[in-house]
Amino acid sequence: MIKGRVKGKIWSSRHVDTLPCGALLEVEVDGGGRLIAFDPLGCATDEAVLITQGSVAAAYFTGRVAPVDALIIGSIDETTDK
Amino acid sequence: MIKGRVKGKIWSSRHVDTLPCGALLEVEVDGGGRLIAFDPLGCATDEAVLITQGSVAAAYFTGRVAPVDALIIGSIDETTDK
Amino acid sequence: MIKGRVKGKIWSSRHVDTLPCGALLEVEVDGGGRLIAFDPLGCATDEAVLITQGSVAAAYFTGRVAPVDALIIGSIDETTDK
Amino acid sequence: MIKGRVKGKIWSSRHVDTLPCGALLEVEVDGGGRLIAFDPLGCATDEAVLITQGSVAAAYFTGRVAPVDALIIGSIDETTDK
Amino acid sequence: MIKGRVKGKIWSSRHVDTLPCGALLEVEVDGGGRLIAFDPLGCATDEAVLITQGSVAAAYFTGRVAPVDALIIGSIDETTDK
C-alpha cells in the first residue's frame, strides 16, 4: 500500500456505467505524484490515507468488476516513522 | 486511477483478433508520460479524462478477456484541487 | 519481489472492514521509496524483509479478497550480493 | 497500453516449459526504457507497436496460464498526435 | 517481460509457509534497479535472464497461490539488439 494526503475531489458526470457511486478523491502520494482513489470512508481534504492499488482495489466491490484500481482502505492516525 | 488529457487517436489495422472494436486514444498523463487507453465514451481531443489500469480495465469487456490494460472510465468535469 | 527495511508501524483506526487484522509496516525499499506492507511474521524495526506486491499479496489471505497489495513474505538473513 | 518500437529479437533456449512458442521481441518504449514482449503478429524490426501488460497479456493464451506479462496487440499505422 | 543479470542469492529462513521451495535470486534489471525473482531454472551468477512479473509469475506454481510476483522464465542466449 502507499500513504498519501487527500487534496480534493474529482467529478465525472459522464462515466462508464460500471463505475460505483461514491467519492473519487485526488491524493498526493508520499514521495511524489498524484492519483485518484475511490473513497468508501468519507475522508476529508488534508487527511492522511492508506491506499491499495490494482485488482485488489476492485475486489472491494461486489457484483460486476468495478473499474477501480485505487481504493482508500484506511485513514492513518499515527506512525512511528524514524 | 490517473488523470490525463486526450492527445489524439491511434490506428492499428493489423492487430490481435481479441482487441475490442473501438477508439484507442493517446493520453498525456498528469505528471508526465503518455499511454494508450481504450475509450468507450467518445472523448474528444484535449478532454480531461480518468483512466483505470490493469486487469480491471479488461474486466469492463465481457466475453473472452480483452487485451486492454488501460480504460477511460470518465470525463472529468470539475476538481477542487488546491 | 523487492527488498526493504522496516522503518515503523502504521495505525489506522478507521478502515474498511475487509482489511485483515495485523501489523501494517512502513518499509524503505532498496533503491528508494517507501511502501506500507502487511506483516504476518512479526518483523522488527530495521529488519531486512522481502516483499511481494499486487494480487498475489492479497491471495495470502483466505476468504473475501483482502485489500492488501503488499505483503512481507520473509525476513532476509543473508545475501551473496556482489 | 503503451507504444514502442521493435529493436530486435531475444532467444532463450533454456526456459520454463509453460512459455508459449513464438517470438520474443525487445521493444523500446515511447518515453524511454525497454521491455520484452511476446509477438503473435510477426512484427519487423523498427515497426511501431502497441503493447499490453500484466495478466491481460497472459490471458491471450489459452490453456495453462502463460508466464507472459507483455504482449504486442497491434502494429500502429497512423496517429494524430499533436 | 524484462531482461536482467543475476547478482546473487537471497536466503530467508523465516518466511510465510506458502513461499515455494527454491532459489530466490537478486537480479539487476536492464536500465537500472534490482529485484528478487524466483528461479526454477538453476541460473548462475552473471547469467542474463528473462523475468515475468505480477500474478502471471505466481500462476507458474500449482496449488495454493504462491506469494511470488517475479519469476525467471528463461536464460537469454542471444539478441539481435541494435
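Residues numbered from 1 in each chain as written. Chains lettered and ligands numbered in written order. Predicted model: local features only at pLDDT ≥ 70, side-chain atom pairs only at ≥ 80, totals over all residues. Heavy atoms only, no water.

*Asks:* I'd love a proper account of the side chain of Ser 12 of chain A, names of residues and values included.
*Replies:* Residue placement: Ser 12 of chain A occurs in the loop between strand 1 (2-11) and strand 2 (14-15). By relative accessible area, Ser 12 of chain A is classed as buried at 12%. A polar contact is formed between the side chain of Ser 12 of chain A and the backbone oxygen of Arg 14 of chain A, at a distance of 3.1 Å. Those residues in contact with Ser 12 of chain A, other than ones at most four positions away along the chain, are Gly 74, Ser 75 and Asp 77 of chain B. (Helix = DSSP H or I, 4+ residues; strand = E, 2+ residues; numbered from the N terminus. Buried < 20%, exposed > 50% of the residue type's maximum accessible area, 1.4 Å probe, protein only. Polar contact = N/O pair within 3.5 Å; in protein donor to acceptor, adjacent residues only side chain to side chain. Contact = heavy atoms within 4.5 Å.)

*Asks:* Which residues make up the pattern of salt bridges, and what are the values?
*Replies:* Following the criterion strictly, the structure yields 25 salt bridges over all chains and no others. Among the salt bridges present, the one from Glu 28 of chain B reaches Arg 34 of chain B, with a minimum N-O distance of 3.4 Å. Under the relative-accessibility criterion, Glu 28 of chain B is labelled partly exposed at 34%. When its relative accessible area of 33% is taken as the criterion, Arg 34 of chain B is described as partly exposed. The partner of Lys 7 of chain E in a salt bridge is Asp 46 of chain E, with the nearest N and O atoms 4.0 Å apart. A residue pair is termed long-range when its members are at least 10 positions apart, and Lys 7 of chain E in strand 1 (residues 2-11) and Asp 46 of chain E in the loop between strand 4 (34-39) and strand 5 (48-53) qualify at 39 residues. Exposure remark for Lys 7 of chain E: the relative accessible area of 12% places this residue in the buried category. The network of salt bridges with shared partners includes Lys 3 of chain A together with Glu 26, Glu 28 and Arg 34 of chain C. (Salt bridge = Lys/Arg side-chain N within 4 Å of Asp/Glu carboxyl O.)

*Asks:* A description of the relation of the copies chain C and chain A should follow, citing residues and the corresponding values.
*Replies:* Two copies of the chain are present, and they differ by a rotation about an axis and a shift along that axis. Each copy of the sequence occupies a distinct position, and chain C is placed on chain A by a rotation of 72° and an axial shift of 0.0 Å, giving an RMSD of 0.0 Å. Accordingly, the operation relating the two chain copies is best matched by a five-fold axis. (Least-squares fit on C-alpha atoms with pLDDT ≥ 70 in both.)

*Asks:* Can you break down the state of the cysteines residue by residue, with the values?
*Replies:* Residue and element names in this part refer to chain A. Taken as a whole and assessed by the stated rule, the structure comprises zero disulfides over all chains. We note that Cys 21 lacks a disulfide partner, and the nearest cysteine sulfur, in Cys 43, lies 18 Å from it. A relative accessible area of 79% places Cys 21 in the exposed class. (Disulfide = S-S within 2.5 Å.)

*Asks:* How would you sum up the environment of Pro 67 of chain D? Please name residues and give values.
*Replies:* Mapped onto the elements of the fold, Pro 67 of chain D is located in the loop between helix 1 (55-58) and strand 6 (70-75). Along the chain, Pro 67 of chain D and Ala 57 of chain D lie 10 residues apart, while their C-alpha atoms are 9.2 Å from each other. Contact partners of Pro 67 of chain D, with chain neighbours within four places excluded, come to Val 16, Thr 18, Leu 19 and Pro 20 of chain D together with Met 1, Thr 52, Val 56 and Ile 73 of chain E.

*Asks:* Give a detailed account of the relation of the copies chain D and chain B, specifying residues and quantitative values.
*Replies:* You can overlay chain D on chain B at an RMSD of 0.0 Å; the transform is a turn of 72° with a shift of 0.0 Å along its axis. The fraction of interface residues of chain D whose copies in chain B are also interface residues is only 4%, indicating that the copies meet through different surfaces.

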